[in-house]
Amino acid sequence: MKIIFFRRALFLLILFCLHTHFSFSQESKLPYVVSYYGTKQGLPQNQVISILPKKDGSLTISTTNGIVNYNGAEFYPFIANDEYKKYLYIKITWHPKKDILYGWEIGGGYNQIYPEFANLGKFSCVSFEDTLLTYVTKEGVIVESNYELTHTYHSLKTSVQSAKAVLNTPHYYYVSDWRQLYRIDKKSGEEEMILDGFFDILRLRLNPYTQDVYALSQENAYVISSEGVNRIPLKVTSGRIILREIEFINKNESFISYSDGLIHLKDTSLYYYHSYDGNPIPPLYSIYYQKKENCFLIGTEYNGLMKLTPKQATSYLHPYQKGSQSFVSVTSNKGVVFSSYTKGNIVRLNENNELEEYLSLNAFIASLSFIDNQLYVGTWGSGLMVFENKRMVDSIVPPKLPSTHVYGVFRDSKKNTWMATEKGVVKRGASGKYELLPGIDTRIVSIYELRNGNMCFGGSEGVFIVSGNKVVRHLGAADGLICKEVRSFYEDKRGALWIGTYNGGLYRYTGDEGLISVNNQPNCMLNQDVFTVIKGSNGLLYMSSNQGIWAVSEQKLNDFLNGTIPYLIPFFFGEETGILNVEFNGGFQNNSLQASGNRIFFPSIQGVVNLEVKDISFRKLHPVFRAVFVNDTLHNSPDNTFKRETHTVRFDFNATSFLDQYNVLYQYKLEGKGMPSRWSTLQKEQSVTFKMLPPGKYRLTVRAIDGFNDLYPEEIGYEFIIQPHFYETAVFWVVLIAAVLLAGFVLIRSRIQRLRKAERKESRINHTITEMKIKTIQSRMNPHFIFNSLNNIIYLLNVEKYEEAEQLLNDFALLLRRFLEKSDSSFLTIEEELEIIDLYLAIQQRRYNNAFDYSVECPPELAKRTIPSMLIQPFVENSIIHGVAHSDHKCFLSVCVRQENEFIEIRIKDNGIGRVRSREINQNRKNHVSYGIQLVNEKIDVIFQKYGIKIDLSIEDVEEGSGTLVVLKIPMNDKVFDS
């Protein structure tokens, strides 16, 4: 602690520094629109103590009678045990990572409020900085911990007793008691008193832009920076005040709420908004600045939550205006804006932005236009009056005009003057001659010149496009233009003509596409009244109506009609932007005026409205599901499976937005069996209810869209299941069907058992017969093969070729062993079959003294494939006996196995004498019978009968008299052939 001398010296130094950087100015008009939200809107109590922003952008608001959440559209109950309502919370905070709410109440208690209430401790004061809780005990110990108080990061014993406020900065603690403010070094613990006296500091805040510390006492505000301490020279005239809260907007701008108003600190100036200045601001508590939407939410002492929105519009009223006289038509001359009451009063806007009397006429005024410094006044029943410097210089009435009702006057680029009346249009050329346009004999209220020089006239019968003095195009009901009147026109850069109507919405007309109604497109949210179509410097088209001013991006409007975006939502400008009355007039010419300085003027039934055109900053909407109600009961369980008795499911959702200007709307789609799975129409309601949903799995998807018409809005989903009754489940139907089938099976089983027994008996007989056929054929083939082989041996013995006979006999023994091993097998592998063929050919080659050569070929991948046995040998034997043996030249015989598509193809080819010469020889042989080929054909037939294997056999001459080719094709795709 510093000595008394040092403290007094420091205090004098501080006072010396209080020459301050701030100047004082008084501003009596509040530049904000004020809106109040109280118990009627859902607040539990009109005294709002604390405002806390949440991650989703919504607010948690502490009142003297409980805590609620606010999303900009409605207050909804804070779901927690009512135990917390016993305390009045002056500070609240949400856990940075968990859905837990903590609060410090006026008695010093620090509690967990949500989801379960719990008393955690009691402290002199607390401060929340990001993830840290900083608190001071009654003994003067400063502690940094987590919100749960389960971990202490730093603690420091100080001399400060009964601390009032604490602030934790990177290097220092700032702590105040009822008299002094101390700065304490966090490392060394050194204490430095920087303010002394009766200060009673209630609030310490760190400016995030400058890192300066702001201290608010009951009557004073101080800025503590590296340069020293400065007192902000507040000047109030209401006696004792209490400063409550400070909110920082940027580096050089902040707001302070206090007991009698609002203080605006900007650069070096201060502005005061007092309740006694006529500004509707009661005593204030907390203050929160919503940066994305540039508005303030302020807690008041008596009037609930107050919202301050920067004014974008000003309604100018004439001080002598009486009753509900409507303003009609706005025009300008030399930068001065003119308008009029319907009952004959013409006013202008002076340099002080006040309406003053200009002319008073004994006529009902319909329209105003300045042409060549002359004021043309169209009237109901009195024709057209022309004034110059407030003096009437002309009165234009019938017969020059077809009617005494004149709704507009327009000077085109060719210096022609056009006059719109109850019964058509009159043109006055440069010569001064009046001409009634032929083909238009109806009420005309709006006039517009196209870039090509053609004129557009709008009225009760649609649109008339005139070239010269001729109507070249009329758009009316027959073309789809359905409305009470055409009120306005706008031609864009591409030449499209936009047509604003009364009670018919907006239309687009092009020569190629014709007339298209914008409002008739699905999910178009434009108003049905379009009195004005005027483009602002920000790219928005502004349209006045009887329900306010609507604005939509011209680009988004074209994208919508071209199908790029599936919805069209305009921005809305109403009371919240400063307009006193949202009912506008625009029935006649000059229903709006675009002035310098990005201003647009509109006539309304209560004043002339000046709307400032500003850029609107885009911000992404983040919808959330707020609550789910099943059968009108809040659903809190993480299990989203609902019972079959569920008759109603309601989903509450919202996307935080505090300004009506953005015009937030919602779409949803429900996906599930039998559901249409398409987006709903746009709705303002933040809930959807489904009744009597059938059992099944569902997914609800919700998205929020506003005036930005975001092409890719954020979507949220909620999946749930409606349980079926047991008799509605697939299991039930499976069991039922199975039971029916089982019963049927039992009933007919007894009937078919006898038939099956008979069929099995018959099948066994047929199978036995077939096997016997194959065995019989095989037994007939086997002796034939053996007999031919023995004949070869006998022949050699007869010719006394004993060595050859011995060798042949050895080969024959080997062949016979192989043959007998496989003789009972109906199928052999190709490798086994060819081994027998190779031995047989070797025997025959020696028997015929090497009269032929041979080859046996098979790819390895086919070697293990199975084929019916003894199919190849009979053809090899025929080739030798009938073809090779009678040839007078050395022959060649080949056996080749290969794969051909899905078949095993076996080719037996020789270059012997051929079949023709062989038949001639055999005819001369007595008792010649060839059984080999016949047996093969029989075997092929029986195999087909039993196994369904169809073997193709073809025998053909290679060339006449020079050989024979035998081709066997055996299918590969039957499991019988797998080795």
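This text follows the structure it describes.
Residues numbered from 1 in each chain as written. Predicted model: local features only at pLDDT ≥ 70, side-chain atom pairs only at ≥ 80, totals over all residues. Heavy atoms only, no water.

Enquirer: Even after reading the chapter, I still don't get the overall build of the protein, so can you show me in this structure?
Expert: For the protein, the helix and strand inventory stands at eight helices and 72 strands. A total of 979 residues make up the protein; the buried ones form 52% of that total. Summarising the internal contacts of the protein: among those between residues at least 6 apart in sequence, 53% fall at separations of at least 24. With an accessible surface of roughly 46300 Å², the protein has 50% of that area assigned to carbon and sulfur atoms. (Helix = DSSP H or I, 4+ residues; strand = E, 2+ residues; numbered from the N terminus. Buried < 20%, exposed > 50% of the residue type's maximum accessible area, 1.4 Å probe, protein only. Contact = heavy atoms within 4.5 Å. Areas by Shrake-Rupley, 256 points an atom, 1.4 Å probe, with all protein chains shown as cover.)

Enquirer: Is there a simple way to think about the side chain of Thr331 in this case?
Expert: Inspection of the secondary structure assignment puts Thr331 in strand 31 (residues 327–333). With relative accessibility at 7%, the residue Thr331 sits in the buried group. A polar contact is formed between the side chain of Thr331 and the backbone nitrogen of Phe370, at a distance of 3.5 Å. Among residues more than four places away in sequence, those in contact with Thr331 are Val336, Val337, Phe338, Leu368, Ser369, Phe370, Asn590 and Leu593. (Polar contact = N/O pair within 3.5 Å; in protein donor to acceptor, adjacent residues only side chain to side chain.)

Enquirer: Which parts of the structure should I look at to understand unusual backbone geometry?
Expert: Trans is the common state for peptide bonds, and a negative phi is the common state for residues other than glycine. Across the junction of Tyr114 and Pro115, the peptide omega takes the value 5 degrees, indicating a cis bond. Cis peptide bonds are those with omega within 30 degrees of zero, and the linkage from Pro398 to Pro399 qualifies with 15 degrees. Examined against the element boundaries, Pro399 turns out to sit in the loop between strand 38 (391–396) and strand 39 (406–411). With a phi angle near 55 degrees, Asn849 is a residue other than glycine that sits in the positive phi range. Residue placement: Asn849 occurs in the loop between helix 5 (830–847) and strand 67 (852–857).

Enquirer: Looking at this model, I keep getting lost on the nonpolar core. Mind explaining?
Expert: Generally speaking, nonpolar side chains in soluble globular proteins are found buried as a group. Tyr542 and Phe651 are the most contacted members of the largest nonpolar core, which totals 58 residues. Leaving out residues up to four positions away in the same chain, Phe651 has contacts with Phe625, Ala627, Val628, Gln686, Ser687, Val688, Phe690, Leu700, Tyr718 and Phe720. In terms of nonpolar packing, the next biggest core, distinct from the first, is built from 41 residues, Ile836, Tyr840, Ile843 and Ile933 among them. (Core = buried A, V, L, I, M, F, W, Y, C linked by side-chain atoms within 4.5 Å.)

Enquirer: For this particular structure, what's the right way to read the sheet that holds strand 35 (residues 364–371)?
Expert: Pairing in this open sheet of four strands is antiparallel, and the strands run 35-36-37-38 from one edge to the other. Among the strands making up the open sheet, the edge pair consists of strand 35 and strand 38. Looking at each pair of strands side by side, their axes are set apart by 25 degrees on average, direction ignored. When strand 37 (residues 384–388) meets strand 38, the two strands line up antiparallel, connected through five bridges. In the sheet register, Phe387 faces strand 38, and the bridge partner there is Met392. (Pairing = 2+ DSSP bridges. Axes fitted to C-alpha atoms, helices over the stretch in contact; angles between N-to-C directions.)

Enquirer: Mind showing me how you'd approach the environment of Gly38 here?
Expert: With respect to the secondary-structure elements, Gly38 resides in the loop between strand 2 (32–37) and strand 3 (48–53). Dropping the residues within four chain positions of it, Gly38 is found in contact with Leu43 and Asn46.

Enquirer: What should I look at first to understand the sheet that holds strand 67 in this one?
Expert: An order of 67-69-70-72-71 is seen for the five strands of this open sheet, with the pairing classed as mixed. Edge positions in the sheet fall to strand 67 and strand 71 (952–957), since each of these pairs with one other strand and no more. When the angles between neighbouring strand axes are averaged without regard to direction, this sheet yields 10 degrees. Alignment of strand 70 (residues 903–910) against strand 72 (residues 964–971), held across eight bridges, turns out to be antiparallel. Each residue of the ladder has a partner; that of Lys909, found in strand 72, is Leu965. In this fold helix 5 packs onto strand 67, strand 69 (891–900) and strand 70, with an angle of close to 170 degrees to the strand it touches most, strand 67.

Enquirer: Is there a simple way to explain the packing of aromatic side chains in this structure?
Expert: Aromatic ring pairs: the centre-centre distance and the angle between the two ring planes describe each pair. Across all of its chains, the model carries 42 aromatic pairs by this definition. With a centroid separation of 6.1 Å and 35 degrees between ring planes, the pair formed by Tyr448 and Phe489 is classed as tilted. Of this pair, Tyr448 sits in strand 43 (residues 444–449) while Phe489 sits in strand 47 (residues 485–491), and the two are 41 residues apart along the sequence. Owing to a relative accessible area of 22%, Tyr448 belongs among the partly exposed residues under this scheme. By relative accessible area, Phe489 is classed as buried at 6%. With 5.1 Å between their ring centres and 85 degrees between their planes, Phe618 and Phe708 make a pair best called edge-to-face. (Phe/Tyr/Trp six-rings, centres within 6.5 Å; stacked < 30°, edge-to-face > 60°.)

Enquirer: How should the side chain of Gln686 be read in this particular structure?
Expert: With respect to the helices and strands, Gln686 occurs in the loop between strand 62 (665–672) and strand 63 (687–691). Within the structure, Gln686 has its side chain in polar contact with the side chain of Asn71 (distance 3.4 Å).

Enquirer: What should I look at first to understand helix 2 (residues 554–561) in this one?
Expert: Since the α-helix packs 3.6 residues into each turn, any two residues three or four apart lie on the same face. With six of eight residues buried, helix 2 lies mostly within the body of the structure. Taken residue by residue, helix 2 has Glu554, Leu557, Asn558, Asp559, Phe560 and Leu561 as its buried positions. Among the residues of helix 2, the N-terminal cap falls to Ser553, whose side-chain oxygen and the backbone nitrogen of Gln555 are separated by 3.3 Å.

Enquirer: Looking at this model, I keep getting lost on the environment of Leu593. Mind explaining?
Expert: Examined against the element boundaries, Leu593 turns out to sit in strand 55 (residues 593–595). Taking C-alpha positions, Leu593 is 9.3 Å from Pro603, a pair spaced 10 residues apart along the chain.

Enquirer: How should empty space enclosed by the protein be read in this particular structure?
Expert: Think of a ball as big as a water molecule: rolled over the atoms, this probe shows where empty space is left. With the rule as written, the count across this model stands at five cavities of 30 Å³ or more. Of the pockets and cavities examined, the largest cavity occupies roughly 60 Å³. Every residue along the wall of the largest cavity is listed here: Phe618, Arg619, Lys620, Leu621, Ala704, Ile705, Asp706, Phe708, Asp710, Pro713 and Glu714. For the lining of the largest cavity, the per-class residue count stands at six nonpolar, no polar and five charged. (1 Å grid on protein atoms, 1.4 Å probe; cavity = no way out; pocket = protein on both sides within 12 Å on 5 of 7 lines; lining within 4 Å. Points joined across faces, edges and corners; volume = space filled by probe spheres on them. Nonpolar A, V, L, I, M, F, W, Y, C, P; charged D, E, K, R; others polar.)

Enquirer: Looking at this structure, I do not really get the pattern of salt bridges. What am I missing?
Expert: A side chain with one charge may pair with a side chain of the opposite charge, provided their charged atoms come close. Applying the stated criterion across every chain, the model contains 32 salt bridges. Here Arg443 ties to Glu422 by a salt bridge, and the two come within 3.5 Å at their closest N and O atoms. Of the two residues, Arg443 is situated in the loop between strand 42 (434–436) and strand 43 and Glu422 in the loop between strand 40 (417–421) and strand 41 (424–428); the sequence distance between them amounts to 21 residues. A residue is classified by how much of its surface remains accessible, and Arg443, at 24% relative accessible area, is partly exposed. Note that Asp957 is salt-bridged to Arg915, the shortest N-O span being 3.3 Å. (Salt bridge = Lys/Arg side-chain N within 4 Å of Asp/Glu carboxyl O.)

Enquirer: How should I be thinking about the pairing of strand 65 (residues 715–722) in this particular structure?
Expert: Looking along a regular strand, one sees side chains alternate from face to face of the sheet. Going residue by residue along strand 65, you find Ile716, Tyr718, Phe720 and Ile722 tucked away on one face and Glu715, Gly717, Glu719 and Ile721 left uncovered on the opposite face. Pairing geometry for strand 60 (residues 641–642) and strand 65, over two bridges, is parallel. Residue pairing across strands places Thr641 opposite Ile721, the latter belonging to strand 65.

Enquirer: How should I be thinking about a nonpolar patch on the surface in this particular structure?
Expert: A surface patch of nonpolar side chains, about 280 Å² in accessible area, is lined by Leu742, Phe745 and Val746. Here Leu742 shows up in helix 3 (residues 730–798). (Patch = residues over 30% accessible without salt bridge, like charges linked within 9 Å, V, L, I, M, F, W, Y side chains within 5 Å.)

Enquirer: Help me out: how do you make sense of the environment of Gly381 in this one?
Expert: Within the secondary structure, Gly381 is located in the loop between strand 36 (374–380) and strand 37. The class for Gly381 is partly exposed, based on a relative accessible area of 41%. Setting aside residues up to four positions removed in sequence, Gly381 forms contacts with Thr404 and His405.

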